[in-house]
Amino acid sequence: MYTGCRCSFKKNRWMVTHMQQMIEATELTKNYGTVTAVNRISLSVAEGELFGLLGPNGSGKTTMIRMLTGQIPPTAGSARVMGIDPAKDPVEVRRSIGIIPEQETPPSFLTAEEYLHFVAKIRNLDAIDERCGRWFDLLEFGDKRDVLCKDLSRGTRQKLMFAQAFLHEPRLALIDEPLINLDPIMQRTVKDFLRGYVRDGGTVFLSTHILEIAEEICDRIGVIHNGRLLHSGPVEDLTATGRHLESFFLDLVRGDTGA
Amino acid sequence: MHSTIFGSVGFALFPVVVAILALLGSLTLPVFADVLPYDAVALLAHALFLLMGVMVGSFGLMGREFMNRRFGQASLIAYASRSLPISEQRIFATFLVKDTVYYILLYVLPFAAGFAAATPFIGIDPVQGLVALVSLALAFLLGLSAVCFLSTLYAHSVALFAGTVAVLAVAALAAFRLGAITVSTILPPYAFFLNPALEPLALSLALILVPAIISVIFVTVEYPDRTKRFENHLDPLSGRLHALGSAHFIAKDALDLLRSEGGAGKVIFSFLIPLGLVWICLRIMIRFIPGIDPLVVFAVLLGVLSATIYNWLTEFDSFTSYAFLPVEVREVIDAKLKSYALLNLLPAVVLVLAAATSGGAGSLIPAFAAFVSVSVYTLAVTVYLTGLHPNVMLYSAWIFLRYLLAISPALLLLIFASVFDPRYALLSLLLILPAAFLIIRARVKWQAWEMPRY
Ligand SMILES: Nc1ncnc2c1ncn2[C@@H]1O[C@H](COP(=O)(O)OP(=O)(O)O)[C@@H](O)[C@H]1O
Ligand SMILES: [Mg+2]
């Protein structure tokens, strides 16, 4: 389904910097009052990797993404995203990457098309019509382009947020719960897109509480529970042992006493 | 309902601040008694609460955003009413009652209490405090009910609404010219305050209840049409505004305003009607205070009211919807200021029209200067104190107090000076300096607030 759009993030463009670490977190920690949402997490994601942060609800995934994208400052620890410290230069980080936040919906009184154009103008992009059109086609929601965002279904809004994040063809995308609200056919489209994007040299950091997604499309996963990273490694390591990811995951989470 | 964002203490203290201000204001009454007789102050207070009723009501019936803002989750019930066995009438009536109780507890009661506490020191019968409680509440309700009535008319037919307003205006004007009515006949709550008898009380209640009941019976709830489609107006609009910079943000502000429920009606009800009311009150007030230049005072009040345009501009926007894009808070604030400047053409036209129709064109230049400076200064104070959240944050006692303290001395001084000579209003241009300073500070302050760093 992924049509290999004329994307400028093809591998060869970055041969020089290839295999650089796109995300590096060192002992990242976030406290909300007495709650430690993220507890000294260190991880790194290399270029061309599809990394999945897997964990149950409330385990700290969103908090982690918000720190990496400079939306909230960490309580302790540090991070570099494409070489930039998101706590020091959040706007520069956001200029370089694409983000799909968990909760945020597009502004009520713009149409879907106007919203994409709005984001394109914020990002100073050229060939706006062409870029947006490509996304309406890929995610099949061109028929909704002139409907106000507040009147769109959740699924269509999610598509719009997807388009918004990839409009500038970023080398790195951080996606919080990517498949939520999408029907099975569209989930397939999005999964294929993400795989194709990574094949072309893009890097994805996604969070999910759904095991199948992690197992199916991720190269590497990190398992997070109660704000702590319990495990991280290639997906094959787990599947190679013959164990189902689910039992592995449940063992990890049950074994985590929060100590 | 507002308490969550700044802690419940700030919200709970809001009425205390109102009471203290009323107390201090009342204590200074004897000082100004020569220039400003008690009756005039009482009229002013009643006009103020009438105006507040109008403002509260005007945001009221214009659409769903309002319901969301005022009632939070309750609006879900209102919109579920099609599937629930509750009539829209009943829900709307409940809202009116809730609103009445809410605002009376928040403003009227503390105001009257502050006044009552001052009475022993200024030689007024303490019973007047109780009378004030009733009469000010009546004034508030009169404004609320009148504007509910008008907006129900508006929702049914704009022509019917325009016709009614025109007839009422002409009738009032004619009656005034002929001297057939006095201030207390058109504002019975004020008459009740001066003379707490049955007749003005009954008249007030009738004038409140009849329009309120009519508007409840004929209420129409505007259900958004989800299938409506719009052409891309963002591109042409931002193309036209290109020279201003950040044109896409300004274009978005314009579309938010035009497409949100209520649309142009919002402008009429929350801006033009209150302005008309202010103008009428002023024409009445000048009988009490000779030497005052009505155009300059109107310009000052126009400037303050204009600053509420900023509240409209921020109503449908939140920085969280930009927080994942490469956008700085100061860029959003700057764009709002530009939108504000554009929208201020509307009050500027109102001022010129007021000057032209009232024969006060002689003081138009100082009045215009006063309008621009007060508008810019009030805006700057609002932006500095509330950032992108004026609709919520002004309900914090501390912020509200600072807002009043920053604005009222400047305004009073300005009005006072203009009594001696309208040309003194030109001095108001000095306010531009602190305004610029506040805006520069606000950009830094709110950048740090919305995007905290280490
Ligand atoms: N703004 C906040 N204030 C207080 N606690 C928060 C806030 N955001 C998240 N938390 C808490 O931090 C923990 C992790 O939340 P979150 O990162 O949203 O988890 P996930 O995305 O994995 O569901 C939860 O216990 C949540 O209640
Ligand atoms: Mg989450």
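In the block above lies the structure referred to throughout.
Residues numbered from 1 in each chain as written. Chains lettered and ligands numbered in written order. Predicted model: local features only at pLDDT ≥ 70, side-chain atom pairs only at ≥ 80, totals over all residues. Heavy atoms only, no water.

(A) Structural view of the nonpolar core. Grouped together as the largest cluster of nonpolar side chains are 214 residues, with contacts concentrated most on A:Met64, A:Leu68, A:Phe162, A:Phe166, A:Leu194, A:Phe205 and B:Phe298. Ranked by residues supplied to this core, first place goes to helix α9 (residues 127-156) of chain B with 15 residues. With sequence-adjacent residues up to four places away left out, A:Leu68 is seen in contact with A:Ile23, A:Ala25, A:Leu28, A:Ala79, A:Val81, A:Pro86, A:Val93, A:Leu174 and A:Phe205. (Core = buried A, V, L, I, M, F, W, Y, C linked by side-chain atoms within 4.5 Å. Buried < 20%, exposed > 50% of the residue type's maximum accessible area, 1.4 Å probe, protein only. Helix = DSSP H or I, 4+ residues; strand = E, 2+ residues; numbered from the N terminus. Contact = heavy atoms within 4.5 Å.)

(B) Inspection of the interface of chain B and chain A at higher detail. With 35 residues of chain B at the contact, the number on the chain A side is 36 residues. Together chain B and chain A conceal approximately 3,300 Å² of surface at their shared face, both sides included; 60% is due to carbon and sulfur atoms. Where chain B packs against chain A, one counts three salt bridges. A salt bridge links A:Glu114 to B:Arg259, with the nearest nitrogen and oxygen atoms 2.7 Å apart. Seen at the junction of chain B and chain A, the total is twelve residue pairs in polar contact (both at pLDDT 80 or more). Secondary-structure elements contributing two or more residues to the side of chain B that touches chain A are α14 (234-240) and α15 (247-259) of chain B. In terms of residue count, α15(B) provides more of the side of chain B that touches chain A than any other element does, six residues in total. Across the side of chain B that touches chain A, the residue classes tally to 15 nonpolar, seven polar and 13 charged. (Buried area = accessible area lost by both parts, 1.4 Å probe. Salt bridge = Lys/Arg side-chain N within 4 Å of Asp/Glu carboxyl O. Polar contact = N/O pair within 3.5 Å; in protein donor to acceptor, adjacent residues only side chain to side chain. Nonpolar A, V, L, I, M, F, W, Y, C, P; charged D, E, K, R; others polar.)

(C) The sheet that holds strand β4 (residues 76-81) of chain A, seen in detail. All names here are of chain A. Pairing is antiparallel in the open sheet, where three strands are placed in the order β2-β1-β4. Strands with a single pairing partner mark the edges of an open sheet, and in this sheet they are β2 (35-46) and β4. Strand-to-strand twist of the sheet, defined as the mean angle between neighbouring strand axes without regard to direction, takes the value 15 degrees. In this sheet, β2 lies alongside strand β1 (residues 21-32) in antiparallel orientation, the contact comprising eight bridges. Among the inter-strand pairings, Asn31 is bridged to a residue of β2, identified as Thr36. (Pairing = 2+ DSSP bridges. Axes fitted to C-alpha atoms, helices over the stretch in contact; angles between N-to-C directions.)

(D) Focus on helix α20 (residues 345-358) of chain B. Residue and element names in this part refer to chain B. In this model α20 runs 20 Å from its N-terminal to its C-terminal C-alpha over 14 residues, within 8% of the 20 Å that 1.5 Å per residue would give. Taken together, the buried positions of α20 are Pro347, Ala348, Val350, Leu351, Ala354 and Ala355. In a view along the axis of α20, the buried residues occupy a sector of 160 degrees, so they form one face of it. α20 presents Leu345, Leu353, Ala356 and Thr357 as exposed residues on the side facing more than 90 degrees away from its buried surface. Remark: Gly359 follows α20 within two positions and exhibits a positive phi of approximately 70 degrees. (Expected span 1.5 Å × (residues − 1). Arc of directions from axis to C-beta.)

(E) Up close: a nonpolar patch on the surface. A cluster of nonpolar side chains, namely B:Val31, B:Phe32, B:Val35, B:Phe416, B:Val419, B:Phe420, B:Tyr424, B:Leu427, B:Leu430 and B:Leu433, defines an oily patch on the protein surface of about 1,000 Å² accessible area. Residue contributions to the nonpolar patch peak at three residues, all from helix α23 (residues 397-420) of chain B. (Patch = residues over 30% accessible without salt bridge, like charges linked within 9 Å, V, L, I, M, F, W, Y side chains within 5 Å. Areas by Shrake-Rupley, 256 points an atom, 1.4 Å probe, with all protein chains shown as cover.)

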